[in-house]
Amino acid sequence: QKEVEQNSGPLSVPEGAIASLNCTYSDRGSQSFFWYRQYSGKSPELIMSIYSNGDKEDGRFTAQLNKASQYVSLLIRDSQPSDSATYLCVNNDMRFGAGTRLTVKP
Amino acid sequence: DAGITQSPRHKVTETGTPVTLRCHQTENHRYMYWYRQDPGHGLRLIHYSYGVKDTDKGEVSDGYSVSRSKTEDFLLTLESATSSQTSVYFCAISARQTATNEKLFFGSGTQLSVL
């Protein structure tokens, strides 16, 4: 079992909708999580980090961490076609999930 | 952009030959990582380094070795390449000076094909 599990999708949402990406983890000792975005053929780039239970908002992005249930999620509000990419969940041991491919349709 | 360079960018080799990939950084970051990326698997950690000559295994280390003789260079070696090692390889660096300073900066990747 991978330390970090993600539904590989693909996930398709219409432009302007909320995209919800989820991740579960097995190591209860994980302290922090990160969301990376990777466009096709490019390197991953960090978009959000979260260190404590609850929500963290940054513009159109909201990261949620629930340590009791061992899941992490990323919400993208007002989704844009430019958000179409693969989103990767990572724990503080730098272990990545398989990634979820998101397509936002105009 | 973080100063991180991978070489070569592309390589085609034959089964059984040795291959070395290089990662070079100019950020003086302590941590360096090697990942491979394959469809359906995301990024899988091969090896990482937390200082000069300090390395440790990741999730998929079999068939790979690493060396870090200088802060700026982290080498990944496939002693005898196999077709299952055909992949995109990414190097990443991180300062990790504090619990909230763990951002990974990635190189551009190396596409390796083993025929």
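The preceding data block contains the structure.
What you see is a predicted model, and the numbers here were worked out from it, not measured in a lab. (Residues numbered from 1 in each chain as written. Chains lettered and ligands numbered in written order. Predicted model: local features only at pLDDT ≥ 70, side-chain atom pairs only at ≥ 80, totals over all residues. Heavy atoms only, no water.)

Colleague: Go over unusual backbone geometry with me, naming the residues and quoting the values.
Modeller: A cis amide bond links Ser-7 of chain B with the next residue in sequence, Pro-8 of chain B, at an omega value of -5°. Within the secondary structure, Pro-8 of chain B is located in the loop between β1 (4-7) and β2 (10-13). The phi dihedral of Asp-78 of chain A is positive, around 50°, even though this residue is not glycine. Examined against the element boundaries, Asp-78 of chain A turns out to sit in the loop between β8 (71-76) and β9 (85-91). (Helix = DSSP H or I, 4+ residues; strand = E, 2+ residues; numbered from the N terminus.)

Colleague: Break down the interface of chain B and chain A for me, with residues and values.
Modeller: Between chain B and chain A, the contact holds 22 residues from the first and 18 residues from the second. Surface buried jointly by chain B and chain A totals about 1,500 Å² across both partners, of which 56% is contributed by carbon and sulfur atoms. Area buried by chain B at its contact with chain A is led by Leu-43, Glu-102 and Phe-106 of chain B, which between them contribute 30% of it. Viewed at the interface, chain A and chain B are joined by 0 salt bridges. Counting across the chain B and chain A interface gives 5 residue pairs in polar contact (both at pLDDT 80 or more). Secondary-structure elements contributing two or more residues to the side of chain B that touches chain A are β4 (31-38) and β5 (42-51) of chain B. Ranked by the residues each element gives to the side of chain B that touches chain A, the list is headed by β5 of chain B, at 4 residues. Along the lines of polarity and charge, the residues of the side of chain B that touches chain A split into 8 nonpolar, 8 polar and 6 charged. (Contact = heavy atoms within 4.5 Å. Buried area = accessible area lost by both parts, 1.4 Å probe. Salt bridge = Lys/Arg side-chain N within 4 Å of Asp/Glu carboxyl O. Polar contact = N/O pair within 3.5 Å; in protein donor to acceptor, adjacent residues only side chain to side chain. Nonpolar A, V, L, I, M, F, W, Y, C, P; charged D, E, K, R; others polar.)

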